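Summary of the model geometry
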Amino acid sequence: MTDSKYFTTTKKGEIFELKAELNSDKKEKKKEAVKKVIASMTVGKDVSALFPDVVNCMQTDNLELKKLVYLYLMNYAKSQPDMAIMAVNTFVKDCEDPNPLIRALAVRTMGCIRVDKITEYLCEPLRKCLKDEDPYVRKTAAVCVAKLHDINAQLVEDQGFLDTLKDLISDSNPMVVANAVAALSEIAESHPSSNLLDLNPQSINKLLTALNECTEWGQIFILDCLANYTPKDDREAQSICERVTPRLSHANSAVVLSAVKVLMKFMEMLSKDLDYYGTLLKKLAPPLVTLLSAEPELQYVALRNINLIVQKRPEILKHEMKVFFVKYNDPIYVKLEKLDIMIRLASQANIAQVLAELKEYATEVDVDFVRKAVRAIGRCAIKVEQSAERCVSTLLDLIQTKVNYVVQEAIVVIKDIFRKYPNKYESVIATLCENLDSLDEPEARAAMIWIVGEYAERIDNADELLESFLEGFHDESTQVQLQLLTAIVKLFLKKPTETQELVQQVLSLATQDSDNPDLRDRGYIYWRLLSTDPVAAKEVVLAEKPLISEETDLIEPTLLDELICYIGTLASVYHKPPSAFVEGGRGVVHKSLPPRTASSESTESPETAPAGAPSGEQPDVIPTQGDLLGDLLNLDLGPPVSGPPLATSSVQMGAVDLLGGGLDSLMGDEPEGIGGPNFVAPPAATVPANLGASMGSGLSDLFDLTSGVGTLSGSYVAPKAVWLPAMKAKGLEISGTFTRQVGSISMDLQLTNKALQVMTDFAIQFNRNSFGLAPAAPLQVHAPLSPNQTVEISLPLNTVGSVMKMEPLNNLQVAVKNNIDVFYFSTLYPLHILFVEDGKMDRQMFLATWKDIPNENEAQFQIRDCPLNAEAVSSRLQSSNIFTVAKRNVEGQDMLYQSLKLTNGIWVLAELRIQPGNPSFTLSLKCRAPEVSQHVYQAYETILKN
């Protein structure tokens, strides 16, 4: 008879009987009694009263009975800690039993008894088991260390168990190695700062050797550990990939996904030019395809992971489109995931196949799936331009089916196609209008209203169509109401005479009869725009729309890189980092892919224009005068006042917020009788948190520019570039450059009057910027600037203005005012104007700082076509305050170790590798604020090449 009989009894008052049986002399009766106790415990009865009697049964040679007693102990030790101590002696004794199974059982149970009082008694037996001659006992003891660490971390550290665990990584038995790795990884996760798994090439080699002989779960522990290692170069990464690749053919899907994670991570370090890179791409496809022949639940997990892999490296599965075609018996969650991946893999080569499939899916019976398929056709049109026409005709065929939900989805996606390809497919509008009456979903109604408003001039009865929507305005959803309001305003601007009544009706519905604040606000803005300045209203409402991008649902790149490091875990199924769903954040470490090596950097990185490049390439961050924002900024500035020139003032202008209310005073709106502008006093320089902790250190000398100034440093000065062309500034042309001389920064400006009137009353102001650059004095143009006259001015700058991180970091937004108007422009300043004169570190300090800055903060760059030797490089860089701390020759290469310091106290350390006769240098930069590195590299390029 099976053990199920123990669960069928419903007798009352059996505790007393069990007590008698547990104390019986007959072994068989004892075993029966313990089984009954365990059965009662399993179904939730309280049998803790039998604790002393069950513990007495521990003294036995019968392994089955011992297992049962240990099971009972684990369950009740927490509620009976004082009595659990009685069992300690038996544990200690069992840990020295000649039978390894009993030794392992004792140590396993010890780890599961989470009682503080007992833990210290268990240290000696555990120490012996960690050095046991039998590998089965050692592997069990390794896991026990992790459990004990969870109960009392300090005790484990004091007893030296962590060092013993580290030694077990070199064990001869692969299962012991795997369990030691698992235990150390578990402990390391709860203590992210401790460097427990100190992986080096030697230990990695041992892990890879053990990998081949482990059980499948052991392999997963080792692969997960390998994924946390960063190889020192691409050669080591390739060697590890070669030894991990055989795991891809494993029968266990978890092993396959762990191997894929390691390979995806280390591929970052391989150059795409390598033959091996191509081989690896080919090897990754078959195992991923094989995962899709498993049961649906596994398929879903595999598909969620493949979705991430396809976003990172679509080339792996680009020839495997057919595997993602939907089967009739796939569950809906698998179907939807496959659809998503099909669209990500869609390309010009396979689009015909994909469209034929999608059209087939659109006739299925499952409504959710059909909707997603119709949407997918639209996404294909947006992604693969050559297929757009075919997609539109497919969508029109689907609209002809007159199936309500198909028609509605088709209209939603056609709206997006119009946004992507304007003036191309508008001929289909007539067909869409025929289906107006059948639309009952808010998104479809809103899309149709948008189409009617946007193309009102092509639709003869646009006013009637929109009026039909107006009848039930208050019953519509907010989305439809907002869209209807905008569409009718567009219609009015295109056909003002015929639609005046309609626009007044919608404006009063939106503003007076509605209690939705979004709708009211939009209604009032349109009302005021239309009543004050119809021309401006036309520019705003009928402005050209930006084209929509092909993939709006791609995961953001940094998050994608983090999720690639979590392939095969819950994070890869949720598509969220662990910190988003693990409560308390314990053990959540942010992971990222390793940086690309120099060889791959050189093939990947786009050539960046050196700082000081002509203004044509500069980002237009501040709006031009014609833009809406430019106009809005000027609304309340009042008429230009031609009063006396601004008085010289020692107040820092840079503190006034360019886009806030501070402009009023700059434009001369101050009350009569006050001489000079009443500037706001500068606030204390605020340091953005995301520029790194190092900015906060040493705030006292943060802006100390004068210390260490001795020599005249003639840093490189870029030629003047046109920052503000005359056509954008009503005849005022501004060219300029930045200089640094003897610790002082200046903006050298050239103002040219190309207008027909005299220009006076010049003033300048900077917006807040990354390094607090601000004018140190007013802009002084001593005489009026006559037509065709040019004047050169050097404007002294300081770095005590307000700080705000800009994008890009060296972006400077400037407002210049004269008697005609206010003009805005933006420019990029070269970072080397911020390199201070006391930026030379001593050697010891350099070495300590280099080691202290984490490796992930290191960035590598290539400087090409620079024919200088090491001496010339060193002296040229020194003139721009990049100081050589040490120089040595390694295998024929000159290595320059350099330091520089920015005005806000950030240190940047550099290693410059120069091969005599080779015009390409390798620059490695380390800094606590890594966002600075790219701009420091640009400064190096600019200085060395000019």
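In what follows, the structure referred to is the one given above.
Keep in mind it's a predicted model, so treat the numbers as computed, not measured. Here the residue numbering is sequential within each chain, running from 1 through the sequence in written order. Reporting in this predicted model follows two pLDDT cut-offs: at least 70 for local features of residues, and 80 or more for side-chain atom pairs to be given and counted; totals over whole chains, interfaces and linings ignore these cut-offs and use all residues. Excluded from the side-chain calculation are hydrogens and water; included are all heavy atoms of the structure.

**Here's the deal with the overall build of the protein**
Cut-off, in case you're wondering: A run of H or I in DSSP counts as a helix once it spans at least four residues, and a run of E counts as a strand once it spans at least two, with each numbered from the N terminus. Accessibility here uses a 1.4 Å probe with only protein chains present; expressed as a share of the type maximum, an area under 20% marks a residue as buried, one over 50% as exposed, and anything in between as partly exposed.
From N to C terminus, the protein includes 38 helices and 13 strands. Burial statistics for the protein: of 946 residues in total, 52% are counted as buried.

**A word on the packing of aromatic side chains**
Convention followed: Note on ring pairs: Phe, Tyr and Trp rings are taken, using the six-membered ring of Trp, and paired if centres are within 6.5 Å. Classes follow the plane angle, with under 30 degrees stacked, over 60 edge-to-face and the rest tilted.
For the structure on display, the rule yields 11 aromatic pairs. Centre to centre, the rings of Tyr 300 and Tyr 333 are 5.5 Å apart; their planes meet at 90°, and the pair counts as edge-to-face. Linking Tyr 300 in helix α18 (residues 296-312) with Tyr 333 in helix α19 (residues 332-345), this pair joins segments that are 33 residues apart in sequence. Here Tyr 300 falls in the partly exposed class, since its relative accessible area comes to 24%. What links up through ring pairs into an aromatic cluster is the set Trp 723, Phe 738, Phe 825 and Tyr 829.

**Structural notes on the packing of helix α9 (residues 135-151) against helix α12 (residues 174-190)**
Counted only if it meets this: The axes are straight lines fitted to the C-alpha atoms, using for helices just the contacting stretch, and the angles between their N-to-C directions are given from 0 to 180°. Convention used here: angles under 35 degrees read as roughly parallel, angles over 145 as roughly antiparallel, angles from 65 to 115 as roughly perpendicular, and any remaining angle as oblique. Note on contacts: a residue pair qualifies if any of its non-hydrogen atoms lie within 4.5 Å across the two residues. In the scheme used here, Gly and all other residues not listed as nonpolar or charged are polar, with Ala, Val, Leu, Ile, Met, Phe, Trp, Tyr, Cys and Pro taken as nonpolar and Asp, Glu, Lys and Arg as charged.
Interaxial distance between α9 and α12 falls to 8 Å at its minimum, and their mutual angle equals 5°. When the axes of α9 and α12 are compared, the pair comes out roughly parallel. On α12, the residues that touch Pro 135, Arg 138, Lys 139, Thr 140, Ala 142, Val 143, Val 145, Ala 146 and His 149 of α9 are Met 175, Val 176, Asn 179, Ala 180, Ala 183, Glu 186, Ile 187 and Ser 190. Classifying every residue of the contact of α9 with α12 by side-chain character gives 10 nonpolar, 4 polar and 3 charged.

**Some remarks on the nonpolar core**
Our working rule: As used here, the term nonpolar core means buried Ala, Val, Leu, Ile, Met, Phe, Trp, Tyr and Cys residues forming a set that is joined through side-chain atoms within 4.5 Å.
If you look at the biggest cluster of nonpolar residues, it comprises 211 residues, and the most contacted ones within it are Tyr 72, Leu 126, Val 244 and Phe 418. Sequence-distant contacts of Leu 126, that is, excluding residues within four places in its chain, are made with Val 107, Met 110, Ala 141, Cys 144, Val 145, Leu 148 and Phe 161. Judged by nonpolar contacts, the second largest core, of 65 residues, contains Leu 751, Leu 785, Cys 866 and Leu 944.

**Notes on unusual backbone geometry**
Along the chain, Glu 807 connects to Pro 808 via a cis peptide bond; the corresponding omega equals -5°. Within the secondary structure layout, Pro 808 lies in the loop between β6 (790-798) and β7 (811-817). A positive phi angle, near 60°, is found at Lys 402, a position not held by glycine. Along the chain, the position of Lys 402 falls in the loop between α22 (388-400) and α23 (404-420). One non-glycine residue with positive phi stands out, namely Asp 865, at about 55°. Tracing the chain through its elements places Asp 865 in the loop between β9 (858-863) and α37 (870-878). Given a relative accessible area of 61%, Asp 865 falls into the exposed group.

**Section: the sheet that holds strand β3 (residues 744-753)**
Spelled out, the test is: Strands are treated as partners if at least two bridges between them are detected by DSSP.
The sheet built from 5 strands is open, its strands ordered β1-β2-β3-β6-β5 with antiparallel pairing. Each edge of the sheet is formed by a strand with only one pairing partner; in this case those strands are β1 (721-724) and β5 (774-775). As paired elements, β5 and β6 share 2 bridges and run antiparallel to each other. Pairing of Pro 775 across the sheet is with Leu 797, part of β6.

**As for the pattern of salt bridges**
Opposite charge on two side chains permits pairing when their charged atoms draw close. Let me state the cut-off plainly: Within this document, salt bridges are pairs made up of a side-chain nitrogen of Lys or Arg and a carboxyl oxygen of Asp or Glu, the two lying within 4 Å of each other.
What the rule picks out here adds up to 33 salt bridges. What emerges from the salt-bridge pattern is a single network uniting Arg 371, Arg 375, Glu 409, Glu 441 and Glu 443.

**Notes on helix α7 (residues 100-112)**
Selection rule: By this rule the span expected of a helix is its residue count minus one, scaled by 1.5 Å. Here a polar contact is recorded for every N or O atom pair within 3.5 Å, except that within protein the pair must consist of a potential hydrogen donor and a potential acceptor, and residues adjacent in sequence are included only if both atoms are side-chain atoms.
If you check α7, its first and last C-alpha atoms are 19 Å apart, about what 13 residues at 1.5 Å a residue would give, namely 18 Å. Measuring from the backbone nitrogen of Leu 101 back to the side-chain oxygen at the start of α7 gives 2.8 Å, which picks out Asn 99 as the cap.

**Some remarks on the sheet that holds β9**
In spatial order, the strands read β9-β13-β12-β11-β10; together these 5 strands make up an open sheet with antiparallel pairing. Looking along the sheet, the strands with just one partner apiece sit at the ends: β9 and β10 (883-890). Each strand of the sheet is rotated relative to its neighbour by a mean of 20°, with strand direction disregarded. In terms of strand pairing, strand β11 (residues 893-901) meets strand β12 (residues 907-914) through 8 bridges, oriented antiparallel. Of the residues in β12, the one forming a bridge with Ser 899 is Leu 909.

**Focus on the pairing of β12**
Along β12, 6 of the 8 residues are buried, which leaves the element largely enclosed by surrounding structure. A loop of 5 residues connects β11 with β12, the two strands running antiparallel in sequence, and Gly 905 in this loop sits at a positive phi of about 95°. With 6 bridges joining them, β12 and strand β13 (residues 921-927) adopt antiparallel strand pairing. Counterpart to Arg 913 in the pairing with β13 is Thr 922.

**Let's talk about the side chain of Arg 344**
Mapped onto the secondary structure, Arg 344 falls in helix α19. Here the side chain of Arg 344 touches Asn 307 through a polar contact of 2.7 Å, side chain to side chain.

**Considerations on helix α27 (residues 478-494)**
With 17 residues, α27 should reach 24 Å at 1.5 Å per residue; the first-to-last C-alpha distance of 24 Å fits that figure. Burial of α27 is extensive: 13 of the 17 residues sit out of reach of the surface.

**A short note on a negative patch on the surface**
Heads up, the condition is: Put simply, a patch holds well-exposed residues, over 30% relative accessible area, that have no salt bridge, with like charges counted together within 9 Å and Val, Leu, Ile, Met, Phe, Trp or Tyr side chains within 5 Å. Calculation of accessible area relied on Shrake-Rupley with a 1.4 Å probe; when residues are assessed, cover is drawn exclusively from the protein chains displayed. His is not counted here, nor are the chain ends, while Lys and Arg score as positive and Asp and Glu score as negative. Taken as the charge centre is NZ of Lys, CZ of Arg, CG of Asp or CD of Glu, depending on the residue.
A surface patch of negative charge is lined by Glu 464, Glu 467, Glu 471 and Glu 501. Mapped onto the fold, Glu 464 is located in helix α26 (residues 462-470). The class for Glu 464 is exposed, based on a relative accessible area of 53%.

**With respect to the state of the cysteines**
So the rule is basically this: Criterion for a disulfide: a pair of cysteine sulfur atoms within 2.5 Å.
Under the counting rule described, the total for this entry stands at 0 disulfides. Free cysteine: Cys 144, not disulfide-bonded; nearest cysteine sulfur from Cys 112 at 7.7 Å.

**Examining the environment of Phe 324**
Position of Phe 324 among the secondary structure elements: in the loop between α18 and α19. Spatially, the C-alpha atom of Phe 324 lies 5.3 Å from that of Lys 338, the residues being 14 residues apart in sequence. Beyond its immediate chain neighbours, meaning those up to four positions away, Phe 324 contacts Leu 292, Leu 303, Ile 306, Leu 317, Lys 338, Ile 341, Met 342 and Leu 345.

**Considering the packing of helix α15 (residues 234-244) against helix α16 (residues 253-267)**
The line we're drawing: In this scheme, a crossing is called left-handed if the near helix is turned counterclockwise away from the far one by less than a right angle; it is called right-handed if the turn is clockwise.
Where α15 contacts α16, the axes come no closer than 10 Å and their chain directions differ by 160°. Classified by the interaxial angle, the pair formed by α15 and α16 is roughly antiparallel. Where α15 crosses over α16, the two elements pack in a sense that is left-handed. Taken together, the residues of α16 that come into contact with α15 (itself represented by Ala 237, Ile 240, Cys 241 and Val 244) are Ala 259, Val 262, Leu 263 and Phe 266. Looking at the contact of α15 with α16 residue by residue, the class counts come to 8 nonpolar, no polar and no charged.

**Quick look at the side chain of Glu 454**
Position of Glu 454 among the secondary structure elements: in helix α25 (residues 442-454). By relative accessible area, which is 17% here, Glu 454 ends up buried. Of note is the side chain of Glu 454, whose polar atom sits 3.4 Å from the side chain of Lys 545. The contacts of Glu 454, once residues within four sequence positions are left out, are Lys 490, Lys 494 and Lys 545.

It is worth stressing that arrangement in space is one thing and function is another; only the former is reported here.
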